[in-house]
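# Secondary and tertiary structure notes
Chain by chain, the residues:
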Amino acid sequence: MKSRALCEGGPRISEVGFGAGPFRGLDWGPVSDETSVRAVHRALDVGVTLFDTADAYGNGRSERVLGRALEGRREHVVLATKGGWWYVDGAPCCDFSTIYLIRALQASLQCLRTDYIDLYYIHDPDTETIQRGDIFELLTRMKEAGTIRLAGVSVDTAEQGRLCIESGCVDVLQIYYSILDQRPDPGLFEAARNAGVGTVIKAPLARGLLSGKYLKDARFPRGDFREDWRMNGRLQRALAQVARVEALVRGRSPSLAQTALRFVLSHQDVSCVIPGAKTPGQAEANAAASEMGPLDEADLDALKMLYREMAGPIDAR
């Protein structure tokens, strides 16, 4: 496993991290906590050192499972979580007030069985919240108190990312970037690099679309986001684009997912990718992408050109 600096002055981390979002089950389909724990252990065995979750993932389920899996090995990893969202009867709710986020952090510490968080993100705040600036004051206070080591914001857009960088209070941004969503313009990566801010890439596999395992006629459990995509035609449109990608890069890696991760890691300003994994096999396959190295320039140019030809990005949120 290759390593990269998380941010200026920050620790070195595995360039392929572990996204524990799928541990929540619910709209990600059924998942076994025991299998999730084994997936974390396998990731540790193959050199993964950054583990990412959020309190909203299963309203604490993902954090609890990850905390259990890391027990006894906590000091060997960089642990990241997020706060600001939760679900009530399947409906999302958010609160980015100082009072709520302080309570959310305390709950995350308990779920994760730790007394500090290496990297704490404000979880997808709206632009108005970012512009108001209260979250940056709070993150600074959390760092001073020692309950978090590094401050981050998970954002939806490049403009939100630039606002966070301009605050001067953020160590790491979590952003979308993949073969199917290349919207983060070079200006955002350049601004982050110049400010010493790390960039962690969420949804590098576009919520599984770039895993190569979805079929147009697939059926998913009720409540699974993929079934919603199928019903509204989004899955079929996305898979048509995936087919074009797969035809272009067939044979570059043992799997399409590994090619997709290598595409993201080919960007020199990316600190880490955090693909999700439900099983030990998925965790091991994701990690193996690091050993394969970046894609060559011809493949990168071809994938960037294909993206420009396709009808807009695939929204994997």
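Anything mentioned here points back to the structure above.
For the structure given in this document, a descriptive report is provided here.

Conventions and cut-offs
Residues numbered from 1 in each chain as written. Predicted model: local features only at pLDDT ≥ 70, side-chain atom pairs only at ≥ 80, totals over all residues. Heavy atoms only, no water. Helix = DSSP H or I, 4+ residues; strand = E, 2+ residues; numbered from the N terminus. Rg over C-alpha atoms; globule rule 2.2 N^0.38 Å. Buried < 20%, exposed > 50% of the residue type's maximum accessible area, 1.4 Å probe, protein only. Contact = heavy atoms within 4.5 Å. Areas by Shrake-Rupley, 256 points an atom, 1.4 Å probe, with all protein chains shown as cover. Lys, Arg positive; Asp, Glu negative; His and termini not counted. Charge placed at Lys NZ, Arg CZ, Asp CG, Glu CD. Pairing = 2+ DSSP bridges. Salt bridge = Lys/Arg side-chain N within 4 Å of Asp/Glu carboxyl O. Phe/Tyr/Trp six-rings, centres within 6.5 Å; stacked < 30°, edge-to-face > 60°.

## Concerning the overall build of the chain
Tallying secondary structure elements over the chain gives 12 helices and 12 strands in all. In summary, the chain has a C-alpha radius of gyration of 18 Å against a globular reference of 20 Å for 317 residues, a match within 12%. Along the three orthogonal principal directions, the C-alpha set of the chain runs to about 50 × 40 × 40 Å. Expressed as a percentage of its 317 residues, the buried residues of the chain come to 57%. Sequence separation of at least 24 residues holds for 73% of the intrachain contacts in the chain that already meet a minimum separation of 6. Looking at the chain as shown, the accessible area adds up to about 13,500 Å², and 50% of this sits on carbon and sulfur atoms. For the chain, the distance from the average site of its 39 positive side-chain charges to the average site of its 42 negative ones is 5 Å.

## Notes on the pairing of strand E11 (residues 198-202)
Sheet faces and side chains relate simply in a regular strand, where the side chains alternate between the two faces. Among the 5 residues of E11, 5 are classified as buried, and the element is accordingly described as predominantly covered. On E11, burial covers both faces: Gly198, Val200 and Lys202 on one face and Thr199 and Ile201 on the other are all buried. Bridging between strand E10 (residues 172-176) and E11 involves 5 bridges; their strand directions are parallel. Residue pairing for E11: valine 172 is matched across the bridge by glycine 198. Sheet analysis places E11 next to strand E12 (residues 272-273), joined by 2 bridges and oriented parallel. Paired with isoleucine 201 across the strands is valine 273, a residue of E12.

## Regarding the pattern of salt bridges
Inspection of the entire model under this criterion finds 16 salt bridges. In this structure, arginine 73 engages aspartate 45 in a salt bridge whose closest nitrogen and oxygen atoms are separated by 3.4 Å. Of this pair, arginine 73 sits in the loop between helix H2 (61-69) and strand E5 (78-83) while aspartate 45 is found in helix H1 (residues 33-45), placing the two residues 28 residues apart along the sequence. When its relative accessible area of 30% is taken as the criterion, arginine 73 is described as partly exposed. The closest approach of N and O atoms between aspartate 269 and arginine 193, which form a salt bridge, is 2.5 Å. Of this pair, aspartate 269 sits in the loop between helix H10 (256-265) and E12 while arginine 193 is found in helix H7 (residues 186-195), placing the two residues 76 residues apart along the sequence. Assessed through its relative accessible area of 16%, aspartate 269 is described here as buried.

## A word on the sheet that holds strand E4 (residues 50-52)
An order of E3-E4-E5-E8-E9-E10-E11-E12 is seen for the 8 strands of this open sheet, with the pairing classed as parallel. Among the strands making up the open sheet, the edge pair consists of strand E3 (18-19) and E12.

## Re the packing of aromatic side chains
This structure, assessed with the given rule, holds 6 aromatic pairs. Ring centres of tryptophan 85 and phenylalanine 96 lie 6.3 Å apart, and the angle between their planes is 80°; on these two criteria the pair is classed as edge-to-face. Highlighted residues: tryptophan 85 in strand E6 (residues 85-88) and phenylalanine 96 in the loop between strand E7 (91-94) and helix H3 (98-111), separated in sequence by 11 residues. Assessed through its relative accessible area of 23%, tryptophan 85 is described here as partly exposed.

## Thoughts on unusual backbone geometry
If a residue is not glycine, its phi is most likely negative; likewise, a peptide bond is most likely trans. For alanine 206, which is not glycine, the phi torsion reads 50° and is therefore positive. Looking at the element boundaries, alanine 206 is found in the loop between E11 and helix H8 (225-231). Its identity is not glycine, yet arginine 207 carries a phi of approximately 55°, on the positive side. Tracing the sequence through the fold places arginine 207 in the loop between E11 and H8.

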